[in-house]
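Read off the chains here:
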Amino acid sequence: MAAPTMDRPTSAAPAPVQTLTIAKALNNGLRASMEANRKVLVMGEDVGKLGGVFRITDGLQKDFGEQRVLDTPLSESGIIGTAVGLAIRGYRPVCEIQFDGFIFPGFDQIVSQVAKLHYRTQGRLKLPMVIRVPFGGGIGAVEHHSESPESYFAHTAGLRVVTCSNPADAYWMIQQAIDCDDPVLFFEPKRRYYEKGEVDTTAAPGPLFRSRTLRTGRDVTVVTYGPMVRTSLDAAAAAEEEGRSLEVIDLRTLSPLDLAPVYESVRRTGRLVVVTEAPGESSISSEIAAKVQQECFYSLQAPVLRVTGFDTPYPPSKLEEEFLPDLDRVLHAVDRSLAW
Amino acid sequence: MTNNMATTTIEMAPDGADHISPPADADLATMLLIRHFELALLDLFARGELHGTTHTCLGQEYVPVALVPLLAERDYVFSNHRGHGHYIARFGDPAGLLAEIMGREGAVCNGVGGSQHIFRDRYLSTGVQGESLPVAAGVALHLKRHEPGALALTYIGDGTWGEGAVYEALNMAALWRLPLLVVVEHNGIAQSTATGAQMAGTIRARAAAFGIAHLRVENSSLTEIRATAGPLVERVRDGAPLVLEFVTHRLGPHSKGDDTRTDAELRQVRAADWHALYSEALGERFAEADAIAAARVTRLVDEVAARPPAVWSKA
Ligand SMILES: Cc1ncc(C[n+]2csc(CCOP(=O)(O)OP(=O)(O)O)c2C)c(N)n1
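Everything in this summary refers to the structure shown in the same document. (Residues numbered from 1 in each chain as written. Chains lettered and ligands numbered in written order. Predicted model: local features only at pLDDT ≥ 70, side-chain atom pairs only at ≥ 80, totals over all residues. Heavy atoms only, no water.)

### A look at the overall build of chain A
For chain A, the helix and strand inventory stands at 12 helices and 14 strands. Its C-alpha atoms give chain A a radius of gyration of 20 Å, within 12% of the compact-globule value 20 Å for 340 residues. Reported as C-alpha extents along the three principal axes, the dimensions of chain A are approximately 65 × 45 × 40 Å. A buried classification covers 59% of the 340 residues belonging to chain A. Pairs at least 24 residues apart make up 82% of the contacts formed inside chain A by residues separated by at least 6 positions. By element, 51% of the accessible surface of chain A is carried by carbon and sulfur atoms, the whole surface being about 13,600 Å². (Helix = DSSP H or I, 4+ residues; strand = E, 2+ residues; numbered from the N terminus. Rg over C-alpha atoms; globule rule 2.2 N^0.38 Å. Buried < 20%, exposed > 50% of the residue type's maximum accessible area, 1.4 Å probe, protein only. Contact = heavy atoms within 4.5 Å. Areas by Shrake-Rupley, 256 points an atom, 1.4 Å probe, with all protein chains shown as cover.)

So this is what it looks like as structure tokens:
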């Protein structure tokens, strides 16, 4: 591959605070990273001309050229493997995996190379690469367009795994992930892509590998991430009308987990509900339950409860409403916790 | 090697209305049924009756229809994301498929599989690209041992030749002399990416690299296709895998409303559409059959849409 071009477009200074969708915030974030660092490359299936199936890379090939935005063949293993090669030579590739279910042909490279090269080379090789994955259901689609595979990656030492839940995080976290010298799996809640929020483009809301308390409360702590953050916040608003005060924490980082704010919260509330769209078996939610019972044992007033997708393959779209945790299921768990 | 099947490449005369031999009524009816079925799906999406993704085989309908008499019931068929035509050609059951896609009573898989994940008898599809090839090779190995003479067919697009699993399967099929028939629907594009931007070399040369025979069909005349492909498919049954490449055209968007091709490109695709060529070649007979198929599908949609939801029952 030829070296990337040096010249890059200069964009007009944007307004500092903008209202953006998550999709647009990601697009702007990618653009900002590409403008700031010419080593940043974007690669994936149909990311160039089409701008990706969700248009997250819309316009990037037009503005940064085909040297920096590469339409690849249908080759997930090849995409991730070549990104490893580019990364160990100093590029900062950002790979798009079109849908969650298509990361599996690339799983081999992720687990055997991406996760291990830094360790195997005693730190002599760095892998500053990002693998972006639209994940989760709720879009009326087939199973391989609706899965939540994040736990596989959080289980693998050597990978960092993050997920955004709102436009400000989307804008900043993608840039922080690109700046990170370690490989980052970046999960994007696809059914929330078109939800809007304010983005302050002058200041990051905080570091990448930190969870954040989005709502403070007294009675029950709700820990969640990605697409379930909106659901949990809605549940907290509904609970408030019934006089129940929920604290909602957005994990943001799934590996490493940043549970200090969770422990602190649970020590106050004595109750924890973990909400994920992913099935619960051997998962991030089970990990959190294990750690919280270990760290907060004497504070717990009730067992840690989990609200998750079911331990089945993702169902046909007509049934997904049944599968996906919703406000009622979260509130039901809150009731059970309080009734303990 | 005792039986060297290597690299037969046969090229057929290019397409054109003057090359179309009149098809049997039943074949014409099936091709048109698939055409109107796919148009109806796009219409259902536009009306908000269907959600998610669907990939229509508009422009490629003749491919599975051409293969029907070359296949036996005991042969396996593995289909992909663009598989409605494959299913209808095999089973003549548009109602079961539509019910599956709409999640209505009578659905082939109780509505659990949807458009892309169908299982019926010896027919299995998946929308995850490339994965069917090794699976088909495994079935072919079983067939070779236990039902000699039967074959496993797998449909694959040109873009899917980017996936590594394809080559692992081709290697095993050649090495173990498996009755594997790989039918390529080479429509020149994968989603938004033109073949030239995603494939180095040719499918023919890739088949040749494994010593696998290859037939390239640039023609939509059923009689011609069957006459040329028939003998090669018979050799597959004896353990000589074959890559059967159809040069064809994707008339519609990849899924819905996501076509990135220019008007000029689309005009070319439409001019090469078998539907247009057949219409020109057959005149009145074609128009009548087309109207019958359209009316049949309209009735079908009304009938299936009125059914109650599918119920997920145990087998
Ligand atoms: C492993 C995998 N990666 C990505 C996709 C998304 N996808 C669905 S169809 C398609 C293009 C397929 O192109 P081709 O094989 O040429 O078949 P066509 O769609 O043209 O019939 C892509 C990228 C997928 N289904 N599976």
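### Remarks on the pattern of salt bridges
Opposite charge on two side chains makes pairing possible when the charged atoms of those side chains draw close. All names here are of chain A. Counting across every chain of the model gives 32 salt bridges over all chains. Arg230 serves as the salt-bridge partner of Glu195, at 3.8 Å between the closest nitrogen and oxygen. One end of the pair, Glu195, is in the loop between strand S7 (184-189) and strand S8 (196-200); the other, Arg230, is in helix H8 (residues 228-241), and 35 residues separate them in sequence. Here Arg230 falls in the partly exposed class, since its relative accessible area comes to 34%. Salt bridges sharing partners connect three or more residues here, namely Arg192, Glu195, Arg230 and Asp234. (Salt bridge = Lys/Arg side-chain N within 4 Å of Asp/Glu carboxyl O.)

### As for the sheet that holds strand S6 (residues 160-163) of chain A
All names here are of chain A. Taken together, the 7 strands give an open sheet; going across it, the order is S3-S2-S4-S5-S7-S6-S12, and neighbouring strands pair in mixed fashion. The open sheet has two edge strands with one neighbour each: strand S3 (69-71) and strand S12 (253-255). Adjacent strand axes in the sheet meet at a mean angle of 20 degrees, parallel and antiparallel pairs treated alike. Looking at chain direction, strand S5 (residues 130-135) and S7 are connected through 6 bridges and run parallel. Residue pairing for S7: Pro134 is matched across the bridge by Glu188. (Pairing = 2+ DSSP bridges. Axes fitted to C-alpha atoms, helices over the stretch in contact; angles between N-to-C directions.)

### A short note on helix H12 (residues 284-305) of chain B
Residues and elements named next belong to chain B. With 22 residues, H12 should cover 32 Å at 1.5 Å per step; its first-to-last C-alpha distance of 32 Å lies within 8% of that length. Within H12, the full set of buried residues consists of Phe286, Ala289, Asp290, Ala293, Val297, Leu300, Val301 and Val304. Buried residues of H12 fall within an arc of 110 degrees about the axis and therefore sit on the same side. For H12, the exposed residues set more than 90 degrees away from the buried face come down to Glu284, Ile292, Arg299 and Asp302. Contacts from the buried residues of H12 go to helix H1 (25-46), helix H4 (94-102) and helix H11 (274-282). (Expected span 1.5 Å × (residues − 1). Arc of directions from axis to C-beta.)

### Structural notes on a nonpolar patch on the surface
Together, Phe119(B), Leu124(B) and Val135(B) make up a nonpolar patch on the protein surface, roughly 270 Å² of accessible area in all. Summarising the element assignment, Val135(B) is placed in helix H5 (residues 132-146). (Patch = residues over 30% accessible without salt bridge, like charges linked within 9 Å, V, L, I, M, F, W, Y side chains within 5 Å.)

### Some points on unusual backbone geometry
Geometrically, the link from Ser255(A) to Pro256(A) is a cis peptide bond, its omega value of 0 degrees lying close to zero. For Pro256(A), the position within the fold is in the loop between S12 and helix H9 (260-269). Even without glycine at this site, Arg55(A) takes up a positive phi of about 60 degrees. Position of Arg55(A) among the secondary structure elements: in the loop between strand S2 (40-44) and helix H2 (60-64). One non-glycine residue, Asp121(B), lies in the positive phi region at around 45 degrees. If you trace the backbone, Asp121(B) turns up in the loop between strand S3 (119-120) and strand S4 (123-125).

### A look at the site of the ligand
Around the ligand, a shell composed of 21 residues is seen, among which Glu76(A), Arg82(B), Gly127(B), Gly159(B) and Thr160(B) lie nearest. Within the side chain of Thr160(B), an N or O atom sits 2.6 Å from an oxygen atom of the ligand. Taken by itself the ligand offers 580 Å² of open surface, and the protein chains cover 99% of this. Split by residue class, the shell around the ligand holds 6 nonpolar, 10 polar and 5 charged. (Near = heavy atom within 4 Å. Polar contact = N/O pair within 3.5 Å; in protein donor to acceptor, adjacent residues only side chain to side chain. Nonpolar A, V, L, I, M, F, W, Y, C, P; charged D, E, K, R; others polar.)

### Observations regarding the environment of Lys62(A)
Residues and elements named next belong to chain A. Relative to the assigned elements, Lys62 resides in helix H2. On the basis of relative accessibility, which here comes to 74%, the residue Lys62 falls in the exposed class. Residues Lys62 and Glu76, spaced 14 residues apart in sequence, show a C-alpha to C-alpha distance of 23 Å.

### Regarding the interface of chain B and chain A
Counting residues at the interface gives 25 residues for chain B, matched by 23 residues for chain A. Carbon and sulfur atoms make up 54% of the area that chain B and chain A hide from each other, which totals about 1,900 Å². Run the count over chain B and chain A and you get 0 salt bridges. In this structure, the connection of chain B to chain A is made through 9 residue pairs in polar contact (both at pLDDT 80 or more). Across the side of chain B that touches chain A, the residue classes break down as 5 nonpolar, 17 polar and 3 charged. (Buried area = accessible area lost by both parts, 1.4 Å probe.)

### Considerations on the packing of aromatic side chains
Residue and element names in this part refer to chain A. Enumeration according to the criterion identifies 23 aromatic pairs over all chains in this entry. Ring centres of Phe135 and Phe187 lie 5.3 Å apart, and the angle between their planes is 65 degrees; this geometry places the pair in the edge-to-face category. You can see Phe135 sitting in strand S5 and its partner Phe187 sitting in strand S7, a full 52 residues away along the chain. Residues Phe135 and Phe187 agree in their burial class; the two are buried. Here the aromatic residues Phe104, Phe107, Phe135, Tyr152, Phe153 and Phe187 are joined through ring pairs into a cluster of three or more. Its guanidinium or amino end placed over the ring of Tyr91, Lys39 lies 5.7 Å from that ring's centre, counting from NZ or CZ. Over the ring of Phe209 we find Arg160, and its NZ or CZ is 4.4 Å from the ring centre. (Phe/Tyr/Trp six-rings, centres within 6.5 Å; stacked < 30°, edge-to-face > 60°. Lys NZ or Arg CZ within 6 Å of the ring centre and 35° of its normal.)

So far we have only geometry, and geometry alone does not tell us how the molecule works.
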